[in-house]
Amino acid sequence: RLIRLRQRLAGSGALGKGLLGLLSRDHLDEDTWEAIEDLLLGADIGVAPTQELVEQLRTRLRVEGSADARTVLREELVNLIDPTMDRALHVSGADGQPGIVLVVGVNGTGKTTTVGKLARILVAEDRSVVLAAADTFRAAAADQLGTWGERVGVEVIRGPEGGDPASVAFDAVKEGVDRGVDTVVVDTAGRLQNKAGLMDELGKVKRVIEKLAPVTEVLLVLDATTGQNGLIQAKVFSEVVDVTGIALTKLDGSAKGGIVVAVQRQLGVPVKLVGLGEGPDDLAPFDAGAFVDALLS
Ligand code: GDP
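Fair warning: this is a prediction, and the values are worked out from it, not measured in the lab.

Rules used in this analysis
Residues numbered from 1 in each chain as written. Predicted model: local features only at pLDDT ≥ 70, side-chain atom pairs only at ≥ 80, totals over all residues. Heavy atoms only, no water. Helix = DSSP H or I, 4+ residues; strand = E, 2+ residues; numbered from the N terminus. Buried < 20%, exposed > 50% of the residue type's maximum accessible area, 1.4 Å probe, protein only. Lys, Arg positive; Asp, Glu negative; His and termini not counted. Salt bridge = Lys/Arg side-chain N within 4 Å of Asp/Glu carboxyl O. Polar contact = N/O pair within 3.5 Å; in protein donor to acceptor, adjacent residues only side chain to side chain. Contact = heavy atoms within 4.5 Å. Near = heavy atom within 4 Å. Areas by Shrake-Rupley, 256 points an atom, 1.4 Å probe, with all protein chains shown as cover. Nonpolar A, V, L, I, M, F, W, Y, C, P; charged D, E, K, R; others polar. Pairing = 2+ DSSP bridges. Axes fitted to C-alpha atoms, helices over the stretch in contact; angles between N-to-C directions.

1. Side note on the side chain of Arg 87
Phase 1 of the analysis: Structurally, Arg 87 can be placed in the loop between helix H5 (69-81) and strand E1 (99-104).
Phase 2 of the analysis: There is no salt bridge for the buried Arg 87, and the closest opposite charge comes from Asp 82, which lies 5.9 Å off by N-O distance.
Phase 3 of the analysis: Among the polar contacts listed, one links the side chain of Arg 87 to the backbone oxygen of Ile 81, at a separation of 3.1 Å.
Phase 4 of the analysis: A distance of 2.7 Å separates a polar atom in the side chain of Arg 87 from a polar atom in the side chain of Gln 264.
Phase 5 of the analysis: Setting aside residues up to four positions removed in sequence, Arg 87 forms contacts with Ile 81, Asp 82, Gln 264, Pro 270, Val 271, Lys 272 and Phe 286.

2. Digging into the site of the ligand
Phase 1 of the analysis: Surveying the vicinity of the ligand reveals 18 residues, the closest of which are Gly 108, Lys 111, Thr 113, Asp 252 and Glu 278.
Phase 2 of the analysis: Contacts to the ligand include Lys 250, whose backbone N or O atom sits 3.0 Å from an oxygen atom.
Phase 3 of the analysis: Interatomic distance of 3.3 Å between a backbone N/O atom of Gly 275 and an oxygen atom of the ligand.
Phase 4 of the analysis: In the complex, the protein chains occlude 81% of the 590 Å² of accessible area that the ligand would expose alone.
Phase 5 of the analysis: Looking at the shell around the ligand, the element that brings in the most residues is helix H6 (residues 111-124), giving four residues.
Phase 6 of the analysis: A class-by-class count of the residues in the shell around the ligand yields two nonpolar, ten polar and six charged.

3. Some thoughts on the sheet that holds E1
Strand pairs in the sheet, formed through backbone hydrogen bonds, run parallel or antiparallel to each other.
Phase 1 of the analysis: The strand order across the open sheet built from eight strands is E3-E2-E4-E1-E5-E6-E7-E8, with neighbouring strands paired in mixed fashion. The sheet is open, and its two edges are formed by strand E3 (155-158) and strand E8 (283-285), each paired on a single side. Taken over all neighbouring pairs, the strand axes of this sheet differ in orientation by 25° on average, direction set aside.
Phase 2 of the analysis: By the bridge criterion, four bridges tie E1 to strand E5 (residues 217-223) in an arrangement that is parallel. Looking at the pairing, Val 104 lines up with Leu 220 of E5.
Phase 3 of the analysis: Sheet contacts for helix H9 (residues 195-209): E1, strand E4 (183-188) and E5; angle to E1, the most-contacted strand, approximately 175°.
Phase 4 of the analysis: Relative to the sheet, helix H11 (residues 259-267) contacts E5, strand E6 (245-249) and strand E7 (271-275), its axis offset from that of E6 by approximately 155°.

So this is what it looks like as structure tokens:
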């Protein structure tokens, strides 16, 4: 898996190479530290974490003079990503109820694709799954999820185009409860209308679902290539629903791997999944150590 991660993070790998190159200079002068800062900012780590990291690196390399820069860099990057965060996906319900995963985020970030790939992971773990196409605003979204359902071999509940998303979510969860499935994954609409509209819509979806079973995971999908701007949009969702985990998509080919740090800092929620391509197997659980190793390899 590490090798695959490494290949897929080719863009972000430039960050690791750049940092290691600069840190291995004989003399770490101010220009070098500035270049290190620029690299980190360019990778979307964010201003405060960049300053913290540089401060830590400067102190440690001074104190531990002979220390191997690579080891120090690895440790500090892993710390920055916070290896203590609980990254388990809550896909199981209590008392024989299905786990309910609500997937939210701006359109185009990779929501539907992530739902499809997640279903595949769950099925591979021998779980029974029902998908809800609660993005009723785009006919293509339901069709796209339908295709994923066929590919992965799971049922997709959909409603009429332009219908009520909450009613589709309700039907899907009802089906899941009646059939006693393990997990229901709900794809939602990601229109960025005003905050009140979004709150009404997602709030209603969640309320209606919870008449039947508690939502166990609210997964926010965020496109790594949209950087700080995408983060501002994502923040609106976290203000509207209690997000419990982040799926960071399109990390393949992005030179913005630092967004992992920024997103966790600003939303206070762990990255749990990363999207590494468009194919059915291109979704992986996030692991801080493996991620940093891939960056530095
Ligand atoms: P939605 O509007 O949020 O449901 O987004 P979609 O699931 O339709 O995805 C939008 C586009 O992003 C599609 O072309 C997907 O194939 C692509 N996509 C989704 N996830 C990834 C990923 O991890 N890597 C890459 N390279 N493309 C992705």
